[in-house]
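# Observations on chain architecture
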Amino acid sequence: MTHGEGENSYAKNSSAQQKMTRKIWPLYVDAIKTLNLPGPKEVLRIVDFGCGSGPNCIENVEVIIEYVLKRYAEERKERPDIQVYFQDVPTNDFNTLFKHIFSTSSDKILGDNPKKYMVAAIPGSFLNHNLLPKSTVSIAVSTFALHWLNKFPKAVRDKMSTSYNGGHTDLHNSSLATVHACAKEAEEELDHFLAARATEVVHGGLVFLTFSVRQGEFYPYKADPVLHMQEDMWNQLVLEGVITEELRDDFNFPVYLRTLDEVHKALERYSCVFEIQKEESIVFHYSVDPLDDPEGSARYMTAVYRGANLDTYESYFGKTVTSIFFQRLEQGLYELFSCWRLGSPVPKHLQPMWTNTLTILLRRK
């Protein structure tokens with residue numbers, strides 16, 4: 001995620017994720033009715049795994065807290081202390097995150113009223129088993145984090161491997177062997193995530209997962225045309241001599257969108273630990289209509305991807321090349337959306353097709 005609060009930051013360019021997160025809030029209500037409520041002398045712990053640095057995670061957690069407090073009030077029970085942990089990798093911009101907490105939630109934390117929750121950060125990988133003590137978490141949340149890969153398979157970058165992804169930064173033109181290699185890595189990472197949560201979450205506790213998945217079959221890999229166009233832009237920069245083939249070939253966009261079948265197989269392995277309470281898949285929308293405003297939509301979607309990926313691209317390609325890339329991406333999206341609007345033909349991988357946002361609510365048995 002792009003650090004800070006500047007024009008290109010994730011904090012300022014994550015409204016698309018915010019819109020989708022707000023759509024899933026009603027799903028929390030029924031799930032929280034099944035939560036084993038801690039007593040007044042205990043602690044109710046909520047952890048946001050892969051929180052990022054923008055205000056969305058704060059808003060999401062505070063909505064969950066409000067639902068929980070409403071249940072305590074309805075049942076006339078004295079509530080315990082509420083401890084919220086925001087977890088992400090050590091390089092996450094926790095400074096900006098905490099600045100948002102104490103500015104947007106000052107009435108809840110620093111005001112005259114009693115604090116509604118206490119807050120702390122946990123740096124580390126959410127794939128590890130040693131982030132939190134056993135059976136201490138009442139509610140685990142992860143929003144728009146599980147489709148990011150912790151690492152890409154070595155074989156994908158090995159020229160001697162049948163899974164080598166040379167010539168590509170995405171997976172839509174990749175071989176079946178390449179997609180299988182990435183799928184295996186994604187499978188292992190989701191397994192590690194679920195295993196860790198199975199250890200940390202108390203019996204009767206809840207796990208709320210929201211992440212992007214792709215529609216259709218396993219292969220060929222089809223996702224968001226905006227994702228796929230990025231590879232076209234990098235290839236164009238190679239042809240123009242702005243970057244070398246070697247530099248492009250060694251870079252792989254660190255996202256793998258699972259199919260629903262892949263997700264279900266992973267959850268089935270933990271059916272003795274977690275009960276699926278609710279599952280809902282909705283199309284991810286960017287808050288704009290490319291057919292209505294191609295130019296504005298191109299500008300907006302470029303900002304969304306810049307906010308999420310600027311730091312990653314600059315650390316690998318450098319600031320100058322990254323700046324050129326995003327200029328090209330915005331122009332390319334404008335031309336693409338104009339074609340959509342006019343009904344003009346476009347390459348198959350750039351035809352209108354959006355990813356789905358999957359929300360799964362689990363209860364620890």
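As a reminder, the structure under discussion sits directly above these lines.
So, here's what we can say about the structure. Just so it is clear, the structure is predicted and the values come from calculations on it, not from any experiment. (Residues numbered from 1 in each chain as written. Predicted model: local features only at pLDDT ≥ 70, side-chain atom pairs only at ≥ 80, totals over all residues. Heavy atoms only, no water.)

### Some words on unusual backbone geometry
Put simply, the rule is: Only DSSP runs of H or I reaching four residues or more are called helices, and only runs of E reaching two or more are called strands; each is numbered from the N terminus. Only protein chains enter the accessibility calculation, which uses a 1.4 Å probe; a residue whose area is less than 20% of its type maximum is buried, one above 50% is exposed, and one in between is partly exposed.
Here the bond from Tyr219 into Pro220 is cis, since omega is 5°, no more than 30 degrees from zero. Examined against the element boundaries, Pro220 turns out to sit in the loop between β5 (201–213) and α6 (225–239). A positive phi angle, close to 55°, is found at Arg76, a residue other than glycine. Counting through the fold element by element, Arg76 comes out in the loop between α2 (56–74) and β2 (81–88). Owing to a relative accessible area of 79%, Arg76 belongs among the exposed residues under this scheme. The backbone of Ser135 sits at a positive phi, close to 50°, despite the residue not being glycine. If you trace the backbone, Ser135 turns up in the loop between β3 (118–123) and β4 (137–143). The partly exposed category is assigned to Ser135, whose relative accessible area is 44%.

### Some thoughts on the packing of aromatic side chains
We count it as follows: Note on aromatic pairs: the rings of Phe, Tyr and Trp (six-membered ring only in Trp) are paired at centre separations within 6.5 Å, and the planes decide the class, stacked below 30 degrees, edge-to-face beyond 60, tilted for the rest. Both a distance and an angle decide whether a charge sits over a ring: NZ of Lys or CZ of Arg must be within 6 Å of the ring centre and within 35 degrees of the ring normal.
According to the stated counting rule, one finds 19 aromatic pairs in the structure shown. Aromatic pair Tyr28 and Phe208: ring centres 4.6 Å apart, planes at 10°, arrangement stacked. Taken together, the residues Tyr28 in helix α1 (residues 15–32) and Phe208 in strand β5 connect sequence positions 180 residues apart. Of the two residues, Tyr28 and Phe208, both sit in the buried class. Taken together, Trp148, Trp234, Phe251, Phe253, Tyr313, Tyr316, Phe317, Phe325 and Phe326 form an aromatic cluster joined through their ring pairs. A cation over a ring is seen here: Arg197 above Phe49, with NZ or CZ 3.9 Å from the ring centre. Looking at Arg197, its charged tip hangs above the ring of Phe193, at a distance of 4.6 Å from the centre.

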